[in-house]
Amino acid sequence: MGFARTFATCATGFAAFGLAAAGTAGTAAADPVAIPFQINPAPFGNPNGSFDAFPGRCAAVVGTQPGVVVITGSMPGGWGCPLSSSVSWINLSNGATGGAVLSDGLNGIPAAATLQTGVGQVALILNTASGGTTTPGLATFYVP
């Protein structure tokens, strides 16, 4: 419960920023909407990254089913999000929390995870499984 409370406190500050842009995109249509976000690796603690540590380009896809969001890559074919990354989320509207791990990308299938968040404003943090130092990705969006 302590993690959920801390996560909610941090996410509430970012939620106000995401409400205007993400809330509009998520409630506007019955068609799926992809909301991109990025994580930036910081190898050896270097916040500028390096040529061998590319940014993770992820997306939250909402609108496929009520109360469901799919985390995947934002590049063509669903690629771009780091494989086997962990996702922690909280629904700021109903208090539900959870976690998941993106798939491993085997057999040409891009990394993805389906989250049953329920309807409402959701905040999530995505961490890579690379074992190195990374800056987690944070996204807030409305799940219709």
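The structure displayed is predicted, hence computed values, not measured ones. (Residues numbered from 1 in each chain as written. Predicted model: local features only at pLDDT ≥ 70, side-chain atom pairs only at ≥ 80, totals over all residues. Heavy atoms only, no water.)

Caption draft 1: Geometry of the nonpolar core. Grouped together as the largest cluster of nonpolar side chains are 22 residues, with contacts concentrated most on Phe 37, Val 69, Ile 71, Leu 102, Leu 124, Leu 126 and Phe 141. For this core, the secondary structure elements donating two or more residues are strand S1 (33–41), strand S2 (56–62), strand S3 (68–73), strand S4 (86–91), strand S6 (112–116), strand S7 (120–127) and strand S9 (137–143). Take this core: its biggest share by element is 4 residues, from S1. Those residues in contact with Ile 71 that lie beyond four places of it in its chain are Phe 37, Ala 59, Ala 60, Leu 102, Ala 111, Ala 112, Ala 113, Leu 115, Leu 124 and Leu 126. (Core = buried A, V, L, I, M, F, W, Y, C linked by side-chain atoms within 4.5 Å. Buried < 20%, exposed > 50% of the residue type's maximum accessible area, 1.4 Å probe, protein only. Helix = DSSP H or I, 4+ residues; strand = E, 2+ residues; numbered from the N terminus. Contact = heavy atoms within 4.5 Å.)

Caption draft 2: Quick look at the confidence of the model for the protein. Confidence in the prediction of the protein, expressed as mean pLDDT, is 79, and 70% of residues score 70 or more. In this model residues 6–29 is a low-confidence stretch, pLDDT under 50, and it forms 29 contacts with partners more than four residues away in sequence or in other chains. (pLDDT = per-residue confidence, 0-100.)

Caption draft 3: Expanded view of the environment of Gly 105. With respect to the helices and strands, Gly 105 occurs in the loop between strand S5 (97–101) and S6. Given a relative accessible area of 17%, Gly 105 falls into the buried group. For the pair Gly 105 and Ser 84, spaced 21 residues apart in sequence, the C-alpha to C-alpha distance is 8.0 Å. Those residues in contact with Gly 105, other than ones at most four positions away along the chain, are Trp 79, Leu 83 and Ala 111.

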